[in-house]
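# Coordinate inspection notes
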Amino acid sequence: MEQAAPDPERLLQPAPLEPLSHPDTGLESVVGEEVKGARDEGPGDGTMTESNFSLKKIEISVSEAEKRTGRNAMNMQETYTAYLIETRSVEHSDGQSVLTDSLWRRYSEFELLRNYLLVYYPHIVVPPLPEKRAEFVWHKLSADNMDPDFVERRRIGLENFLLRLASHPILCRDKIFYLFLTQEGNWKETVNETGFQLKADSRLKALNATFRVKNPDKRFIELKHYSDELQSVISHLLRVRARVADRLYGVYKVHGNYGRVFSEWSAIEKEMGDGLQSAGHHMDVYASSIDDILEDEEHYADQLKEYLFYAEALRAVCRKHELMQYDLEMAAQDLASKKQQCEELATGTVRTFSLKGMTTKLFGQETPEQREARIKMLEEQIKEGEQQLKSKNLEGREFVKNAWADIERFKEQKNHDLKEALISYAVMQISMCKKGIQVWTNAKECFSKM
């Protein structure tokens, strides 16, 4: 008997947590404040202070994409696309809306920004970037990352990425993000000075924690399973949509043959000629309309792809929790081991086999002074270990609370966005069908006048 599939909405619900203060307490106090003095400050801990930063009153857009040629790190010539980012203050001191900054960024710089945010905000579901190369394309769509249509869709995706960051209650206040929008020169150096690469967790360490953690949090296990299911469902949906687009393109283009045949037929008819010619024209218009229709469809597909990539952002939060849980368990295990050693030294009994016990049997007992020195050293290590364990426990609890608060925010965003995208897609399909009906209605009228 088949087991019922899990309900994604139920899986995303965390276990009840104690009421906690909003992770961004005080944000409302900075809404409307002017941006000032940010460029002159050092990287610090990467977070802007409330007194000098707020993106709530700034409009952000990626207005242009430009193909360029330059030298890469290997001093080899390469072709790449640069994107123009414009930021505009909604309200200025004189009440006027003025252009504050305009600069160009490469896709790799967007990647650097996101990698930094992943390290400094591990409890946040960091918005994903649009795809670097086209995926789930139908056969008439170019997979070339320099294709103008693809570059335009990626421009829209990059703008959406920046707007996601700017609307996030915590990420919008990050200093590196602000400098990304306003400081064109030496921005990479500023990011690297934060040392975020050294703080990044290695893939091998994360994989080790996944398999060796003994007491994983069931909520994060369910969240990981949900992200896998979400990615699988959206992948299948995009594949189906690509196959439908292929067939739809063929059906529409075949209607062009109607137009050609009706036009040829009209040439040999006197009384029916005008009606056939007009009907052929309607068929030609119908056949050519599919190009614009499928171009519009690609924008809806890109909205689905965003949540396809969001699935990996959810898994990143789960991996960080597994690492923290594994470190906590290792710290507890090490503390227990030291306490046992201290007890064995104090009582003179050895409960388990150890290299030290075998050495004692071979070379004789330690002197009382040596034993006291070792006990004292172990007691200091135990005291330090208890403090570390307490600190890791507090850090873990704080991570879980903040992570679930952001996951709840993400869930509301996801439900709203996907609902709107699917409704808009359905409306577009209805409109497309109505246009098809109108074409055949017009053709019918042409035939009736013959």
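Remember, predicted model here, so these are calculated numbers, not experimental data.

## With respect to a negative patch on the surface
Where like charges cluster on the molecular surface, the negative patch consists of Asp149, Asp292, Glu295 and Asp296. The greatest single-element share of the negative patch, amounting to three residues, is contributed by helix H10 (residues 290-347). You can see Glu295 is positioned in helix H10. With relative accessibility at 41%, the residue Glu295 sits in the partly exposed group.

## Thoughts on the environment of Ser266
Inspection of the secondary structure assignment puts Ser266 in helix H8 (residues 218-266). Sequence separation between Ser266 and Gln277 is 11 residues, and the spatial gap between their C-alpha atoms is 5.7 Å. Those residues in contact with Ser266, other than ones at most four positions away along the chain, are Gly273, Leu276 and Gln277. Side-chain polar atoms of Ser266 contact the backbone oxygen of Ser263, separated by 2.7 Å.

## As for the packing of H8 against helix H9 (residues 273-288)
Running from amino to carboxyl end, H8 crosses H9 at an angle of 160°, the nearest separation of the two axes being 7 Å. Classified by the angle their axes make, H8 and H9 are roughly antiparallel. For the element pair H8 and H9, the recorded crossing hand is left-handed. When H8 is examined against H9, the residues Tyr252, Lys253, His255, Gly256, Tyr258, Gly259, Arg260, Phe262, Ser263, Trp265 and Ser266 are found in contact with a partner set consisting of Gly273, Leu276, Gln277, Ala279, Gly280, Met283, Asp284, Tyr286, Ala287 and Ser288.

## Digging into the side chain of Arg114
Along the chain, Arg114 turns up in helix H2 (residues 107-120). Although Arg114 lies buried, it forms no salt bridge, and the closest oppositely charged side chain, Glu312, sits 7.4 Å away as judged by the N-O distance.

## Considerations on the packing of aromatic side chains
A full pass over the atoms with the stated rule returns 15 aromatic pairs. Ring centres of Phe220 and Trp404 lie 5.4 Å apart, and the angle between their planes is 45°; this geometry places the pair in the tilted category. Taken as a pair, Phe220 in helix H8 and Trp404 in helix H12 (residues 368-448) lie far apart in primary sequence, 184 residues in all. The exposure classification of Phe220 matches that of Trp404, with both residues buried. Pairwise contacts between aromatic rings join Phe110, Phe161, Phe180 and Trp187 into one cluster.

## Digging into the nonpolar core
Looking at soluble globular proteins, one finds that nonpolar side chains tend to be buried together. One finds Ile85, Phe110, Leu113, Leu117, Leu162, Phe180 and Trp187 to be the most contacted residues of the largest nonpolar core, which totals 34 residues. Taken together, the elements giving at least two residues each to this core come down to strand E1 (58-71), strand E2 (77-89), H2, helix H3 (148-167), helix H4 (175-182) and helix H5 (187-193). Broken down by element, the residue count for this core peaks at seven residues, all from H2. Residue contacts for Phe180: discarding those within four places in its chain leaves Ile85, Leu103, Arg105, Glu109, Phe110, Leu113, Leu162 and Trp187. Membership of the second largest hydrophobic core comes to 24 residues, among which are Leu230, Leu308, Leu314 and Ile407.

## With respect to the confidence of the model for the protein
Counting all residues, the mean pLDDT for the protein is 79, and 76% of those residues have values of 70 or more. Per-element averaging of pLDDT across the protein places helix H1 (residues 8-11) at the bottom with 41 and H2 at the top with 94. A low-confidence stretch, residues 1-52 stays under pLDDT 50, and its non-local contacts, those more than four residues away or across chains, total 90 contacts.

## Focus: unusual backbone geometry
Backbone phi values are negative for most residues with the exception of glycine, while trans is the configuration of most peptide bonds. Not every positive phi belongs to a glycine, and Asn186 is a case in point at roughly 65°. The topology assignment puts Asn186 in the loop between H4 and H5.

## Some points on the pattern of salt bridges
Within the structure shown, the criterion is met by 23 salt bridges. Of the charged contacts in the structure, one is a salt bridge between Asp302 and Arg153, with a shortest N-O distance of 3.3 Å. Pair noted here: Asp302 is in helix H10 and Arg153 is in helix H3, with a separation of 149 residues, a long-range link. A relative accessible area of 8% means that Arg153 is categorised as buried. With a shortest N-O distance of 3.0 Å, Arg241 and Glu297 are connected by a salt bridge. Taken together, the positions of Arg241 in helix H8 and Glu297 in helix H10 put the pair 56 residues apart, joining distant regions of the chain. In this structure Glu297 comes out as buried when scored by relative accessible area, which is 3%. Overlapping salt bridges bring together Asp228, Glu312, Arg315 and Arg319 as one network.

## Here's the deal with the packing of H10 against H12
Helix-helix packing: each pair is described by the crossing angle between the helix axes and the interaxial distance. Two elements in contact, H10 and H12, have axes separated by 8 Å at closest approach and are oriented at 165°. The orientation of H10 relative to H12 falls into the category roughly antiparallel. For the element pair H10 and H12, the recorded crossing hand is left-handed. Its residues assigned to classes, the contact of H10 with H12 shows 28 nonpolar, 10 polar and 14 charged.

## Brief notes about H9
Taking 1.5 Å as the rise per residue, H9 with 16 residues should run 22 Å; its terminal C-alpha atoms sit 23 Å apart, in good agreement. Here H9 has its buried residues at Gly273, Gly275, Leu276, Ala279, Gly280, Met283, Tyr286 and Ala287. Buried residues of H9, seen end-on, are gathered within an arc of 160° and therefore sit on one face of the element. Buried residues along H9 sit in contact with H8, H10 and H12.

## Some details on the environment of Leu418
Inspection of the secondary structure assignment puts Leu418 in helix H12. Sequence spacing of Leu418 and Tyr307 is 111 residues, and the spatial spacing of their C-alpha atoms is 8.5 Å.

## A few points about the environment of Lys188
Following the sequence through the fold, Lys188 ends up in helix H5. Taking the C-alpha atoms as reference points, Lys188 and Leu113, separated by 75 residues in sequence, lie 9.0 Å from one another. Setting aside residues up to four positions removed in sequence, Lys188 forms contacts with Glu109 and Leu112.

Here is what the cut-offs are and how they apply
- The residue numbering used here restarts from 1 in each chain and proceeds along that chain's sequence as written.
- Where local features are concerned, this predicted model is filtered to residues with pLDDT of at least 70; where side-chain atom pairs are given and counted, the filter is 80 or more; whole-chain, interface and lining totals use all residues.
- As a rule here, side-chain values cover all heavy atoms of the structure and leave hydrogens and water aside.
- A patch consists of residues exposed above 30% relative accessible area that lack any salt bridge, with like charges linked at up to 9 Å and nonpolar side chains (Val, Leu, Ile, Met, Phe, Trp, Tyr) linked at up to 5 Å.
- Accessible surface is estimated by sampling points in the Shrake-Rupley manner with a 1.4 Å probe; for residues, cover comes only from the protein chains shown.
- Throughout this description, the term salt bridge denotes a Lys or Arg side-chain nitrogen within 4 Å of a carboxyl oxygen of Asp or Glu.
- Working convention for charge: Lys and Arg count positive, Asp and Glu count negative, and His plus the chain ends are omitted.
- Lys charges are placed at NZ, Arg charges at CZ, Asp charges at CG and Glu charges at CD.
- Segments assigned H or I by DSSP are reported as helices when at least four residues long, segments assigned E as strands when at least two residues long, and all are numbered from the N terminus.
- Three exposure classes are used, based on accessible area relative to the maximum for each residue type with a 1.4 Å probe and protein chains only: buried under 20%, partly exposed in between, and exposed over 50%.
- Contact definition: two residues touch when any of their heavy atoms are within 4.5 Å.
- We define a polar contact as two N or O atoms separated by no more than 3.5 Å, with the added condition that, inside protein, one atom must be a possible hydrogen donor and the other a possible acceptor, whereas residues neighbouring each other in sequence contribute only through side-chain atom pairs.
- For helices, the axis comes from a line fit to the C-alpha atoms of the stretch in contact; other axes are also lines fit to C-alpha atoms, and the angle between any two N-to-C directions lies between 0 and 180 degrees.
- Roughly parallel means an angle under 35 degrees; roughly antiparallel means over 145; roughly perpendicular covers 65 to 115; every other angle is labelled oblique.
- Each crossing gets its hand from how the near helix is turned against the far one by less than a right angle, where anticlockwise is left-handed and clockwise is right-handed.
- By convention, a stacked pair of Phe, Tyr or Trp rings (six-membered ring in the case of Trp) has centres within 6.5 Å and planes under 30 degrees apart, an edge-to-face pair has planes over 60 apart, and any other such pair is tilted.
- Put simply, buried Ala, Val, Leu, Ile, Met, Phe, Trp, Tyr and Cys residues joined by side-chain atoms within 4.5 Å make one nonpolar core.
- Each residue carries a pLDDT score, the predictor's own confidence in it, on a scale running from 0 to 100.
- Residue type decides the class: Asp, Glu, Lys and Arg count as charged, Ala, Val, Leu, Ile, Met, Phe, Trp, Tyr, Cys and Pro as nonpolar, and the leftover types, Gly among them, as polar.
- Here the expected span of a helix is defined as 1.5 Å times the quantity of residues minus one.
- Along the arc lie the directions from the helix axis toward the C-beta atoms.

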